[in-house]
Amino acid sequence: MEKYNIKSTFTLGNQVVHVGLENRQQSKDVLLPIKFAPVLTKGEKFTIFTAENKPDLHIAYKFGKNLCFAVAPCDEMRARTMYDMLPGIRRFKLDKIAVRLAVWRAIRANKIKTTGSFIKNVLALQAQNQK
């Protein structure tokens, strides 16, 4: 889990928004769907969840009450694989718990009907993000 602040945002071709991020050690740029352009403000906290063994592989982005997946989980197997790639308590990290909490908050913020399954909630959130 890497924490940043939003440095700048601008839209590219009315399809994606380019987000410039920075923290004390480094700067980074990410691309998000245009849907999120109105909620991205300069100075806001931005969290990038990365894979356990591949720190360059982004799993999800959290900003405010929103959560956007770097690679769309199109089915339950892919959603479970993405979740399993996050570092957990065995590595003394709380990334899995933080993602579960972020999914729950994003579901509540988007007024999506929750289910008892975390994976089904992820798929419902992804469907909402694609609208």
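Before reading further, recall that the structure is shown in the block above.
Residues numbered from 1 in each chain as written. Predicted model: local features only at pLDDT ≥ 70, side-chain atom pairs only at ≥ 80, totals over all residues. Heavy atoms only, no water.

Focus: helix α3 (residues 118-129)
Spacing of three or four residues puts side chains on the same side of an α-helix, whose turn is 3.6 residues.
Here comes step 1: Here α3 contains 12 residues, and its C-alpha end-to-end distance of 16 Å stays within 8% of the 16 Å for a straight helix at 1.5 Å per residue.
Here comes step 2: Among all positions in α3, only Phe118, Ile119, Asn121, Val122, Leu125, Gln126 and Asn129 are buried. Down the axis of α3, the buried side of the element spans an arc of 155°, and every buried residue falls inside it.
Here comes step 3: The inward-facing, buried residues of α3 contact β6 (66-69), α1 (76-85) and α2 (95-109).
Here comes step 4: Regarding α3, its N-cap is serine 117, as a side-chain oxygen of that residue lies 3.4 Å from the backbone nitrogen of isoleucine 119 further along. (Helix = DSSP H or I, 4+ residues; strand = E, 2+ residues; numbered from the N terminus. Expected span 1.5 Å × (residues − 1). Buried < 20%, exposed > 50% of the residue type's maximum accessible area, 1.4 Å probe, protein only. Arc of directions from axis to C-beta. Contact = heavy atoms within 4.5 Å. Polar contact = N/O pair within 3.5 Å; in protein donor to acceptor, adjacent residues only side chain to side chain.)

Thoughts on the sheet that holds strand β4 (residues 45-50)
Here comes step 1: Taken in spatial order, the 6 strands line up as β3-β2-β1-β4-β5-β6 in an open sheet, and their pairing is antiparallel. A strand with exactly one partner marks an edge of an open sheet, and here the two such strands are β3 (27-33) and β6. Strand-to-strand twist in this sheet, taken as the mean axis angle between neighbours without regard to direction, amounts to 35°.
Here comes step 2: The sheet contact formed by strand β1 (residues 2-12) and β4 spans 4 bridges and is antiparallel. When the bridges of β4 are listed, tyrosine 4 appears paired with phenylalanine 46.
Here comes step 3: Running at roughly 115° to β6, α2 makes contact with β4, β5 (58-63) and β6 of the sheet. (Pairing = 2+ DSSP bridges. Axes fitted to C-alpha atoms, helices over the stretch in contact; angles between N-to-C directions.)

A closer look at the pattern of salt bridges
Here comes step 1: Applying the stated criterion to the full structure yields 1 salt bridge.
Here comes step 2: Measuring nitrogen to oxygen at the nearest pair gives 3.0 Å for the salt bridge that ties glutamate 2 to lysine 28. Taken together, the residues glutamate 2 in strand β1 and lysine 28 in strand β3 connect sequence positions 26 residues apart. By the burial criterion, glutamate 2 is buried, and lysine 28 matches it. (Salt bridge = Lys/Arg side-chain N within 4 Å of Asp/Glu carboxyl O.)

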